[in-house]
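Read off the chains here:
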Amino acid sequence: MSYLADIFLIALSAALINNFVLYYFVGICPFVGVSKRVEMAVGMGCAVTFVMTIAAFLCWIITTFILMPGAPLSKWIAGFFVPANVAAGIDLTILSYIVYIFAIASSVQFVEMYVRKFFPALYRSFGVFLPLITTNCAILFACLTIMSKIVGVDNPADAWDLGRSLTLAIFGGVGFTIAIVIMGGIREDLELCDIPKPFQGVAITLIVGGILAMAFMGFTGVDVGLRNAIMPL
Amino acid sequence: MADQPTATERFIQGILPENPVYRQMLGLCPVLAITNNMKAAITMAASVTFVLFCANVVTSLIRNLLKPHLRIVVFTLTIATFVTIADRLLAAYLYQMSKTLGPYIPLIIVNCIIICRCEVCASKQSIFIAGSDALGQSLGFALALSSIAAVREILGTGMFFELRVLPAAWPDWVIMALPPGAFLTFGVMLAAVNWISSKKEKN
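Structural notes on the overall build of chain B
- Summing up its helical and strand segments, chain B has nine helices and two strands in all.
- Taken from the N to the C terminus, the helices and strands of chain B come in the order α-α-α-α-α-α-α-β-β-α-α.
- Taken over the C-alpha trace, chain B has a radius of gyration of 18 Å; the compact-globule value for 203 residues is 17 Å, and the two agree within 12%.
- Taken along its principal axes, the extent of the C-alpha atoms in chain B is 60 × 50 × 25 Å.

Re the confidence of the model for chain A
- On average, residues of chain A score 84 in pLDDT, and 97% of them are at 70 or above.
- The weakest mean pLDDT in chain A belongs to helix 8 (residues 129-132) of chain A at 71; the strongest belongs to helix 10 (residues 162-190) of chain A at 91.

Re the environment of Leu140(A)
- Take Leu140(A): it is sitting in helix 9 (residues 137-151).
- You can call Leu140(A) buried: its relative accessible area is 2%.
- Those residues within four positions of Leu140(A) in sequence are excluded, and the remaining contacts are Tyr100(A), Ile104(A), Pro106(B), Leu107(B), Ile109(B) and Val110(B).

With respect to the pattern of salt bridges
- Tallied over the entire structure, the rule returns six salt bridges over all chains.
- Two residues, Asp161(A) and Arg164(A), come together in a salt bridge whose shortest N-O distance is 3.6 Å.
- Under the relative-accessibility criterion, Asp161(A) is labelled partly exposed at 26%.
- Owing to a relative accessible area of 15%, Arg164(A) belongs among the buried residues under this scheme.
- Note that Asp133(B) and Arg117(B) form a salt bridge whose closest N and O atoms lie 3.0 Å from each other. With Asp133(B) in helix 7 (residues 127-157) and Arg117(B) in helix 6 (residues 112-122), this residue pair connects regions lying 16 residues apart in the sequence.
- Salt bridges sharing partners connect three or more residues here, namely Asp6(A), Asp161(A) and Arg164(A).

Looking at the interface of chain B and chain A
- With 36 residues of chain B at the contact, the number on the chain A side is 33 residues.
- Between chain B and chain A, roughly 3,000 Å² of surface is buried when both sides are summed, and carbon and sulfur atoms account for 87% of that area.
- Among the residues chain B hides against chain A, the three largest losses belong to Cys29(B), Val110(B) and Phe183(B). Together they make up 21% of the total.
- Joining chain B to chain A, the criterion identifies zero salt bridges.
- Of all elements in the fold, only helix 2 (28-33), helix 4 (71-93), helix 6 and helix 9 (179-202) of chain B reach the threshold of two or more residues within the side of chain B that touches chain A.
- Counting residues per element, the side of chain B that touches chain A draws most heavily on helix 9 of chain B, at twelve residues.
- In terms of residue class, the side of chain B that touches chain A is made up of 29 nonpolar, five polar and two charged.

Digging into the packing of helix 6 (residues 96-118) of chain A against helix 4 of chain B
- Interhelical geometry of helix 6 of chain A versus helix 4 of chain B gives an angle of 155 degrees and a closest axis separation of 8 Å. Compared by their axis directions, helix 6 of chain A and helix 4 of chain B come out roughly antiparallel. Of the two possible hands of crossing, helix 6 of chain A and helix 4 of chain B adopt the one that is right-handed. Taken together, the residues of helix 4 of chain B that come into contact with helix 6 of chain A (itself represented by Tyr97(A), Ile98(A), Ile101(A) and Phe102(A)) are Val73(B), Thr76(B), Leu77(B), Ala80(B), Thr81(B), Val83(B), Thr84(B) and Asp87(B).
- Class assignment of the residues belonging to the contact of helix 6 of chain A with helix 4 of chain B gives a composition of eight nonpolar, three polar and one charged.

Quick look at the nonpolar core
- Ranked by internal contacts, the top residues of the largest apolar core, which has 113 residues, are Leu22(A), Ile28(A), Phe31(A), Ile133(A), Leu107(B), Phe183(B) and Phe186(B).
- Ranked by the residues each element gives to this core, the list is headed by helix 3 (residues 38-67) of chain A, at twelve residues.
- Leu107(B) has contacts with Val26(A), Cys137(A), Leu140(A), Phe141(A) and Leu144(A), leaving out every residue within four places of it along the chain.

Observations concerning a nonpolar patch on the surface
All names here are of chain A.
- A grouping of Phe57, Leu58, Ile61, Phe65, Ile66, Leu73, Trp76, Ile77, Phe80, Phe81, Val82 and Val86 is seen on the molecular surface, where their side chains present a nonpolar patch of about 1,100 Å² in accessible area.
- Put simply, the parts of the chain that give the nonpolar patch at least two residues each are helix 3 and helix 4 (72-78).
- Per-element tally for the nonpolar patch: the top contributor is helix 3, with five residues.
- The residue phenylalanine 80 is located in the loop between helix 4 and helix 5 (84-88) in this model.

Regarding the packing of aromatic side chains
Residues and elements named next belong to chain A.
- A complete count under the given rule lists 13 aromatic pairs over all chains for this structure.
- Judged by centre distance (5.4 Å) and plane angle (70 degrees), the ring pair of tryptophan 76 and phenylalanine 80 falls under edge-to-face. An identical accessibility class is assigned to tryptophan 76 and phenylalanine 80; each is exposed.
- Taken together, the ring pairs connect Phe20, Tyr23, Tyr24 and Phe141 into an aromatic cluster.

Structural notes on the environment of Leu144(A)
- Here Leu144(A) shows up in helix 9.
- Sequence separation between Leu144(A) and Tyr100(A) is 44 residues, and the spatial gap between their C-alpha atoms is 8.5 Å.
- In this structure Leu144(A) touches Tyr97(A), Tyr100(A), Pro103(B), Pro106(B) and Leu107(B), once residues within four positions along its chain are discounted.

Some words on the side chain of Asp87(B)
- Residue placement: Asp87(B) occurs in helix 4.
- Assessed through its relative accessible area of 7%, Asp87(B) is described here as buried.
- Sequence-distant contacts of Asp87(B), that is, excluding residues within four places in its chain, are made with Tyr97(A), Ile105(B) and Pro106(B).

With respect to the packing of helix 1 (residues 2-17) of chain A against helix 10 of chain A
Residue and element names in this part refer to chain A.
- Packing of helix 1 against helix 10 leaves a shortest axis separation of 7 Å and a crossing angle of 30 degrees. As far as their axial angle goes, helix 10 and helix 1 are roughly parallel. Considering the relative orientation of helix 1 and helix 10, their crossing is right-handed. Residues Tyr3, Asp6, Ile7, Ile10, Ala11, Ala14, Ala15 and Leu16 of helix 1 form the contact with helix 10, whose participating residues are Gly163, Arg164, Thr167, Leu168, Phe171, Gly172, Gly175 and Ile178.

Cut-off values and rules
Residues numbered from 1 in each chain as written. Chains lettered and ligands numbered in written order. Predicted model: local features only at pLDDT ≥ 70, side-chain atom pairs only at ≥ 80, totals over all residues. Heavy atoms only, no water. Helix = DSSP H or I, 4+ residues; strand = E, 2+ residues; numbered from the N terminus. Rg over C-alpha atoms; globule rule 2.2 N^0.38 Å. pLDDT = per-residue confidence, 0-100. Buried < 20%, exposed > 50% of the residue type's maximum accessible area, 1.4 Å probe, protein only. Contact = heavy atoms within 4.5 Å. Salt bridge = Lys/Arg side-chain N within 4 Å of Asp/Glu carboxyl O. Buried area = accessible area lost by both parts, 1.4 Å probe. Nonpolar A, V, L, I, M, F, W, Y, C, P; charged D, E, K, R; others polar. Axes fitted to C-alpha atoms, helices over the stretch in contact; angles between N-to-C directions. Parallel < 35°, antiparallel > 145°, perpendicular 65-115°, else oblique. Left-handed = near helix turned anticlockwise from the far one by under 90°. Core = buried A, V, L, I, M, F, W, Y, C linked by side-chain atoms within 4.5 Å. Patch = residues over 30% accessible without salt bridge, like charges linked within 9 Å, V, L, I, M, F, W, Y side chains within 5 Å. Areas by Shrake-Rupley, 256 points an atom, 1.4 Å probe, with all protein chains shown as cover. Phe/Tyr/Trp six-rings, centres within 6.5 Å; stacked < 30°, edge-to-face > 60°.

Below you can see the structure in the form of structure tokens.
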């Protein structure tokens, strides 16, 4: 019960309350760049959600089995070369950034190849968005959040399992899609408006984004209230 | 090309005419995320300067060895290495600040400014030009970051570098320190920059 409630709260928080775009400001570049049409926005949102889920899966596995202090795989390999008590303390988290960016770049590459081979129609609709995703900060941000929930906790029992990590990634992607689709809809209508010249283009997009962020601020505190309601202390 | 810009010209171009934030619209995540006070903004700008300079110099040194289809991967790994160094240095010497900046330091890896400069400039130019280009671009980035941070910190808390500049009776515009303030400030500043440059062009 409490596990399900936890999953539900993580999902709600990632999608709405702490929206990746409007609260943490990650993935601003596609938010500004590819939100001119609703269809493009939907395509970008789906591609990001897809890649984010795969990257989060890889990232959780790599962190848990290789990078974190005393991780089983690195302990086993190091056990051949150094005494067991030294091998148990091996901490590879310093390599995490390099490993994550490599994991993201290669998963984008593999997803692209797979989709092109088996779902040509989907590939055509994703178009140029897939390769662009490598440099999307939202993906790396999801990986880093998951890492901080595995490595950064004091009590090993509190470390996130695969289910929680995947929930964060999927609903983070859903939140990204919600934000970018709303933005696409607003921008389609904005084209018919008489905007002062200096504001045309990115400037008005940012101001609309500010108003959207204000609207999303309305969700602040919902997660704490729900947590107290579901699991009274 | 006969008139390749010299090192000095590249340095000056990065500051205003080709400002990475206001003109090229690159690296917007840190611009919005950590500009609610000056100290964080300056630290962020310094980290970006360090990473951009080192990455540009290294890329320029290895430019003749790069294979075209692998270059983006090489750039990214170079950048990730220097970001790790910057992150560890911050955690060692400015622990509180590195807690405040949190995930935004590692996110420098995917900051488009750095990859863009490696691709456009450093992979084609000599080390001296690449270095001065990096310094110019990061100075422009620092200027953009601190201009937004100054507005947000003064309006949001009435303070500047944590020193009070507005009278204590100033009602803090809390919204300026929160996420919406970042979007609004940057949008208005961008419009102002567009307006000023369009005036200049007319004259």
